[in-house]
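Analysis of the macromolecular model
As a plain string of letters, each chain reads:
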Amino acid sequence: MSTNPTGDVPVRRIDRILAFMSLGLLLLSIVSFFAIMISSAAGADMSTGIWPIVGVLVYIAPIVAFALLLTVLIMSFVRRARANRGG
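The sections below set out a description of the structure shown in this document.

Procedures and definitions
Residues numbered from 1 in each chain as written. Predicted model: local features only at pLDDT ≥ 70, side-chain atom pairs only at ≥ 80, totals over all residues. Heavy atoms only, no water. Helix = DSSP H or I, 4+ residues; strand = E, 2+ residues; numbered from the N terminus. Rg over C-alpha atoms; globule rule 2.2 N^0.38 Å. Buried < 20%, exposed > 50% of the residue type's maximum accessible area, 1.4 Å probe, protein only. Contact = heavy atoms within 4.5 Å. Areas by Shrake-Rupley, 256 points an atom, 1.4 Å probe, with all protein chains shown as cover. Phe/Tyr/Trp six-rings, centres within 6.5 Å; stacked < 30°, edge-to-face > 60°. Expected span 1.5 Å × (residues − 1). Bend = angle between axes of the 7 residues up to and from the residue. Axes fitted to C-alpha atoms, helices over the stretch in contact; angles between N-to-C directions. Parallel < 35°, antiparallel > 145°, perpendicular 65-115°, else oblique. Left-handed = near helix turned anticlockwise from the far one by under 90°. Nonpolar A, V, L, I, M, F, W, Y, C, P; charged D, E, K, R; others polar. Salt bridge = Lys/Arg side-chain N within 4 Å of Asp/Glu carboxyl O.

**Structural notes on the overall build of the chain**
- For the chain, the helix and strand inventory stands at two helices and zero strands.
- Taken over the C-alpha trace, the chain has a radius of gyration of 19 Å; the compact-globule value for 87 residues is 12 Å, which it surpasses by more than 25%.
- On the principal axes, the C-alpha backbone points of the chain span a range of 60 × 20 × 15 Å.
- Split into buried and exposed, the 87 residues of the chain put 18% on the buried side.
- Contacts in the chain between residues far apart in sequence, at least 24 positions, make up 69% of those at least 6 positions apart.
- Here the chain displays about 6500 Å² of accessible surface, and carbon together with sulfur accounts for 72% of that area.

Here's what the structure looks like:
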C-alpha cells in the first residue's frame, strides 16, 4: 500500500462505504423518529402496517451505525499502524 505525497494513508472504498452507511442509518433513524412523533400526534394506529418496523428501526439503526463507525475507526488505526511500521 503506497502513501500519497502528504504522507497520509489513502482512504479505501470500503471505508467510504461503511462511513456513508453509518450516516445513512443515523439519518433514517432520525427521520423515523420524527415520523413516529408526527403520526402519533395525528392519531395514527401505531400497531398496524409499517409502524412496528419503523418503531424497531429507531432503536436498532443507531446501534448498527455506531458499530459501523467503530469498524471504520479500527480499520483506519490498523492500516495507519501498518503504514508507519513500513509493512
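**As for the environment of Ala19**
- With respect to the helices, strands and loops of the structure, Ala19 is situated in helix H1 (residues 13-41).
- Linking Ala19 and Val78, residues 59 residues apart in sequence, is a C-alpha distance of 16 Å.

**Things to note about the packing of aromatic side chains**
- Tallying each qualifying case throughout the model produces one aromatic pair.
- Residues Phe33 and Phe34 carry aromatic rings whose centres are separated by 5.7 Å and whose planes lie at 65° to one another, so their mutual orientation is edge-to-face.

**So, helix H2 (residues 51-85)**
- Taking 1.5 Å of rise per residue, the 35 residues of H2 would be expected to cover 51 Å, and the 51 Å separating its terminal C-alpha atoms lies within 8% of that figure.
- In H2, a bend of some 35° at Val58 exceeds every other bend along the element, and Pro62, a proline, comes one to four places later.
- Buried residues along H2 sit in contact with H1.
- In the stretch just after H2, Gly86 is the one whose phi turns positive, near 95°.

**Re the packing of H1 against H2**
- At a minimum axis separation of 8 Å, H1 and H2 run at an interaxial angle of 155°. The angle between the axes of H1 and H2 places the two elements in the roughly antiparallel class. Considering how the two elements wind past one another, H1 and H2 form a crossing that is left-handed.
- A per-class count over the contact of H1 with H2 returns 22 nonpolar, six polar and two charged.

**Things to note about the pattern of salt bridges**
- Counting across every chain of the model gives two salt bridges.
- Linking Asp15 and Arg12 is a salt bridge whose minimum nitrogen-to-oxygen distance equals 3.9 Å.
- According to the relative accessible area criterion, Asp15 is buried, its value standing at 5%.
- Accessibility expressed as a relative area gives 34% for Arg12, which makes it partly exposed.
- Salt bridges sharing common partners tie together Arg12, Asp15 and Arg79.

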